[in-house]
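Breakdown of the fold
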Amino acid sequence: MTLIDELIALLGPERVRHHPLDLLVFSKDAGVTTGDVVAAVLPETAQEVAAVVRIARRYETPIVPRGAGTGLAGGAVPVSPGLLVVLTRLNEIHDVDEVGLTAWVGPGLINLDLSERLEPLGLHFAPDPSSQQACTIGGNVGTNAGGPHCLADGTTVAHIYAAEMVTATGEMVTVGSEAPDQPGLDLRAVVVGSEGTLGIVTRVLVRLTQNAPDVATLLIGFPTIEAAAAAVSGVIASGLIPAALEIMDQPMVKAVENFVHAGYPTAAGAVLLAEVTGTADTVASGVDVIRSVSETNDAIEIRVATDADERALLWKGRKGAFGAVAQAAPDYYLHDTVVPRTALVEVMTKIYEIGDRYELQMLNVFHAGDGNLHPLVAFDAKEPGMLDRVQEAATEMVRVSIDAGGSLSGEHGIGLEKRGLMNLVFSDIDLDAQARVREAFDDAGMMNPHKVLPEGSRCFDAKGVRL
Amino acid sequence: MGWITVLPPERVDLDSCVTCGLCLPVCPTYRLTGDETASPRGRLAAIDAVDQGIAPVDERFGEIIDFCLQCRACETACPSLVPFGRIIEGATAEVRAQTPSVEGRLRRFGVTTALRTIPLLRSGAIALGLLQRLGLASRGLRTIPLPERSARGGSWGPGEGPVATLFIGCVADAWFSDIHQATIEVLVAAGYRVEAPSSQTCCGALAAHDGFIDGAEKMAEQNRAALRDAEVVVVDVAGCGAHLKDDPEFGHKVLDVTQVVAEAIDDGRLPVLEGNGELVAVQDPCHLEHGQGIIEQPRTVLWAAGYDVVDADRGGLCCGAAGTYLVDHPDTSSELGRRKATAVANTGATLVASANAGCEMQLRRFLDDGYVVRHPVEIYASSLAGEGHMSDD
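Residues numbered from 1 in each chain as written. Chains lettered and ligands numbered in written order. Predicted model: local features only at pLDDT ≥ 70, side-chain atom pairs only at ≥ 80, totals over all residues.

What to know about the overall build of chain A
Across its full length, chain A holds 16 helices and 18 strands. For 467 residues, the compact-globule formula gives about 23 Å, and the C-alpha radius of gyration of chain A, at 22 Å, lands near that figure. Projected onto its principal axes, the C-alpha positions of chain A cover 70 × 55 × 40 Å. A fraction of 72% describes how many contacts in chain A between residues 6 or more apart in sequence connect residues 24 or more apart. (Helix = DSSP H or I, 4+ residues; strand = E, 2+ residues; numbered from the N terminus. Rg over C-alpha atoms; globule rule 2.2 N^0.38 Å. Contact = placed C-beta atoms within 7 Å.)

Have a look at this one:
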């Protein structure tokens, strides 16, 4: 028997993809790196996941969990030849508690499907990454995903009460609990954001959020990105915490408008998309605050969308932003650094300078409210030397963010793409501690090796490649 | 390795994908399987691999390509505006050319030669009509009128006035003669003179979707000659319309009948009829919504017919008919058909409007008895004639 034979015996041939063409198709996520896939399996239950892990362990084959493959940091891309465990079929919703506002959901459930299914109950799942129509809850848990509305609601970790997972040895454990408070270490918070390096999450207990009684979305055009950023600072300084504050620069607005035809002002230097939620009174006063701060900052156009269709159209533009970049070039590369809001203008200026110096085409879209930048470089990877140049420029952009007191990643995860930059924000002692936590869960280095921690943090990397 | 046909997938089209994955959730086959190789992005990756010379056009490539319904929902969802329909047609043609089979040759005859041979179409329709009367034909198809009816070569309406050229299609001429009849009645009421030139032929959509580009091109040439002088070509089968609109020569003159009728209603050339308090569920055919970007017009037509219009499955998945797909992938097709029928049943309406013949057959197959499925223009024509309640044939 080989690894493939055993997997087929367990799951049947249709759920074990190993034809060379299938392996090529599965070798990438939404990022730029291509990996090395031994096989991709599609389990349907937690027990099957556990059995797959036990088989892979016997063959000393590293395991990489994958959801919809919308990640941008290479988290679901195996580096050393690895087995992809595709979790899209674990997509159940069960035990919805309308009083306690919780539900158990499978990791393969699409983020937006959860909120749409809960709509009749007036509930939703708050984290809303821009890929929410496609990305899965498992991926959200793995990367501790954010999204426009995390400004007011917090990132994924604040919305997961418990996680059931298969460990590296193929056992089932649950971290966190249905009870609101737990003694001891908060392992739930350790697992959320661990990018599949501690085990494979097979279901989570999510916190559900009540839909706001009233919502208004504002689309505001500014002459420059500086003016838009200054308006964001002004709104936050006023004491108002809007549900979302998003900025797009002119190149991005043009690409997006070409897709949605929502009437985004393509002549503006930057566009701010702001949303306020609450009772009718709070929404009205929030709209007033944003309007007056925007006017003070030279806004050239203010549009308030109050009906659901118009709001949905405006958000469709924002959430399709990354995809719309292909209108400029076939590939894109980006980091998701976080900077203090007060440093927004300064860092943005430097990022544009870097783009100019490397002669790269830049588009910007970011969660301005929490200073989470997405400087995006559009390029053609088939041009020789181009990817290296792009990555070099992107690294410089990360450095200026960190120098301004910021952090390496807000929400996309570290994966492969940013592991080499972890030294910029963590000391050797920090990294060693993180590596020890990982060893405690996975002493054999089976689970998504070569991810998150830089080469040489401890001994996993060597183990991961022992095949 | 590589491509051998004249219209293979093009590099510039493949490069327009940034692999963001926003197409995945709208893809019916991805939704059913959760499998990247059954998704638009996965198919593009496979096509890209062949284009780059790192994978051959082999049996597995054929499976990946053929599993696609070609519903083009991914095109509507794509922020990068990837022309997926064009790419997958090119890839399908390569599969047919590079993995020849007996079944493929039979099919080539079916969707290219047979569909443009009028005597074959006519005798086929008569045979099918007889089988239906003996209770031997499958559920889904309308009863084919006997003796046969044909709109071919006809002209209707006033001598002057704008001329609307009716596209009659291949099997639609006999199988869906009621729809053509309704289209003619409503267009004449709107002040058009309607003509159906006899030299036109099958639109070629089935041939193109099945990868027989040369056969589709022959049909296109014949239609170019037949329709060259038309002012406007009116199509009442969405699948044909979506294909004809892509024709480089006369595509710009092609309109779906719901576009023409909705505009006439907006202009006051056709009346808004009194509300009858009855419910109609409107189904959005993929080749109307994604292929032609038409969503509002069927609703306008049904509203003007006096009905309360509800969405059957707005933003939902393909019904699974998808041309010859129901023959090739009966399980997937049936699963999608059942889902669509459930969505229709959940609306509470028993009258369903579908502007595409293939979807109509699929809906009839999977809806219980007691549902009536009609083209929106038939429903409007019936209200216009004061016939009241729509019933089945």
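Examining the sheet that holds strand E12 (residues 214–222) of chain A
Residues and elements named next belong to chain A. As summarised here, the arrangement of the 7 strands in space is E15-E12-E14-E13-E17-E18-E16, forming an open sheet in which the pairing is antiparallel. For this open sheet the edge positions go to strand E15 (301–305) and strand E16 (331–334), each flanked by a neighbour on one side alone. Neighbour-to-neighbour, the strand axes of the sheet open up by a mean angle of 20 degrees, direction not taken into account. Pairing analysis gives 4 bridges linking E16 to strand E18 (residues 375–379), with the strands arranged antiparallel. Bridge pairing in E18 places Leu-334 opposite Leu-376. This element, helix H14 (residues 386–403), spans E16 and E18 of the sheet and lies at about 170 degrees to E18. (Pairing = 2+ DSSP bridges. Axes fitted to C-alpha atoms, helices over the stretch in contact; angles between N-to-C directions.)

A few points about the pairing of strand E8 (residues 160–166) of chain A
Residue and element names in this part refer to chain A. Most of E8 sits out of view: 5 of its 7 residues are buried. Pairing between E8 and strand E10 (residues 200–207): 6 bridges, direction antiparallel. Within E10, the residue paired with Glu-164 across the bridge is Arg-203. Across 5 bridges, the pairing between E8 and strand E9 (residues 172–176) is antiparallel. Each bridged residue has a counterpart across the sheet, and for Val-166 the counterpart in E9 is Met-172. Connecting E8 to the next strand, E9, in antiparallel fashion are 5 residues, including Gly-170 with a positive phi near 85 degrees. (Buried ≥ 20, exposed ≤ 12 C-beta atoms within 10 Å, placed from the backbone.)

A look at the interface of chain B and chain A
Every contact between the two is made by 26 residues of chain B and, on the other side, 33 residues of chain A. Those elements that provide at least two residues to the side of chain B that touches chain A are helix H3 (40–51) and helix H4 (59–66) of chain B. Its residues assigned to classes, the side of chain B that touches chain A comprises 15 nonpolar, 7 polar and 4 charged. (Nonpolar A, V, L, I, M, F, W, Y, C, P; charged D, E, K, R; others polar.)

Here's the deal with the sheet that holds strand E6 (residues 279–283) of chain B
All names here are of chain B. Strand order in the open sheet made by the 4 strands is E7-E6-E8-E9, with parallel pairing throughout. The two strands at the open ends of the sheet, each matched to only one other strand, are strand E7 (308–311) and strand E9 (372–374). Averaged over all pairs of adjacent strands, the angle between their axes in this sheet comes to 30 degrees, without regard to strand direction. Judged from the 4 bridges that link them, E6 and strand E8 (residues 351–354) form a sheet pairing that is parallel. Looking at E8, one finds that Gln-283 is bridged to Ser-354. Across the face of the sheet, helix H16 (residues 296–304) comes into contact with E6, E7 and E8 while running at roughly 165 degrees to E6. Together, E6, E8 and E9 form the strand contacts of helix H19 (residues 357–366), whose direction differs from that of E8 by roughly 155 degrees.

Points about the nonpolar core
Counting 268 residues, the largest nonpolar core has Val-232, Leu-272, Val-325 and Val-377 of chain A together with Val-261 of chain B as the members making the most contacts within it. Of all the elements, helix H8 (residues 225–237) of chain A adds the most residues to this core, at 8 residues. With residues near it in sequence (within four places) discarded, Leu-272 of chain A still touches Ile-220, Phe-222, Ala-228, Ala-231, Val-232, Leu-245 and Ile-247 of chain A. (Core = buried A, V, L, I, M, F, W, Y, C linked by C-beta atoms within 7 Å.)

Some remarks on the packing of helix H13 (residues 344–357) of chain A against H14 of chain A
All names here are of chain A. Packing of H13 against H14 brings their axes to within 10 Å, and their N-to-C directions diverge by 160 degrees. Our classification of the angle between H13 and H14 gives roughly antiparallel. Where H13 crosses over H14, the two elements pack in a sense that is right-handed. Of the residues in H14, those in contact with Val-347, Lys-350, Ile-351, Ile-354 and Gly-355 of H13 are Ala-393, Glu-396, Met-397, Val-400 and Ser-401. The residue makeup of the contact of H13 with H14, split by class, is 6 nonpolar, 2 polar and 2 charged. (Parallel < 35°, antiparallel > 145°, perpendicular 65-115°, else oblique. Left-handed = near helix turned anticlockwise from the far one by under 90°.)

A look at the domain arrangement of chain B
Residue and element names in this part refer to chain B. As far as domains go, chain B holds domain 1 (11–100), domain 2 (135–262) and domain 3 (272–384). Of the residues lining the interface, 6 residues belong to domain 1; the matching set on domain 2 comes to 6 residues. Residues that form the side of domain 1 that touches domain 2 fall into these classes: 2 nonpolar, 2 polar and 2 charged. (Domains from an automatic or database assignment.)

A closer look at the domain arrangement of chain A
All names here are of chain A. Segmentation of chain A into domains returns domain 1 (3–86), domain 2 (93–210), domain 3 (214–322), domain 4 (328–411) and domain 5 (421–464). Computed from C-alpha atoms alone, the centre-to-centre distance between domain 3 and domain 4 is 22 Å. The interface is formed by 19 residues belonging to domain 3 together with 14 residues belonging to domain 4. Looking at the side of domain 3 that touches domain 4, the elements that each hand over two or more residues are H8, strand E13 (244–249), helix H9 (250–260) and helix H12 (321–324). By residue number, the principal contributor to the side of domain 3 that touches domain 4 is H8, which donates 7 residues. The class makeup of the residues in the side of domain 3 that touches domain 4 is 15 nonpolar, 1 polar and 3 charged.

Some remarks on the environment of Leu-69 of chain B
All names here are of chain B. Within the fold, Leu-69 resides in the loop between H4 and helix H5 (73–77). The exposure class of Leu-69 is buried, given the 25 C-beta atoms found within 10 Å. Taking C-alpha positions, Leu-69 is 7.9 Å from Thr-29, a pair spaced 40 residues apart along the chain.

Considering the packing of H8 of chain A against helix H10 (residues 280–296) of chain A
Residue and element names in this part refer to chain A. Between H8 and H10, the least distance of the axes is 9 Å, while the angle of their chain directions is 140 degrees. The orientation of H8 with respect to H10, classified from their angle, is oblique. In this structure, the crossing between H8 and H10 has a hand that is right-handed. Contacts between H8 and H10 involve Ala-231, Gly-234 and Val-235 from the former and Val-289, Ile-290, Val-293, Ser-294 and Thr-296 from the latter.

Notes on the environment of Met-447 of chain A
Residues and elements named next belong to chain A. Positionally, Met-447 belongs in the loop between helix H15 (428–441) and helix H16 (460–464). Among the residues examined, Met-447 registers 27 C-beta atoms within 10 Å and is labelled buried. Separated by 102 residues in sequence, Met-447 and Val-345 place their C-alpha atoms 40 Å apart. Discounting chain neighbours no more than four positions away, the residues touching Met-447 are Ile-63, Ala-168, Gly-196, Thr-197, Leu-198, Gly-199 and Asp-442.

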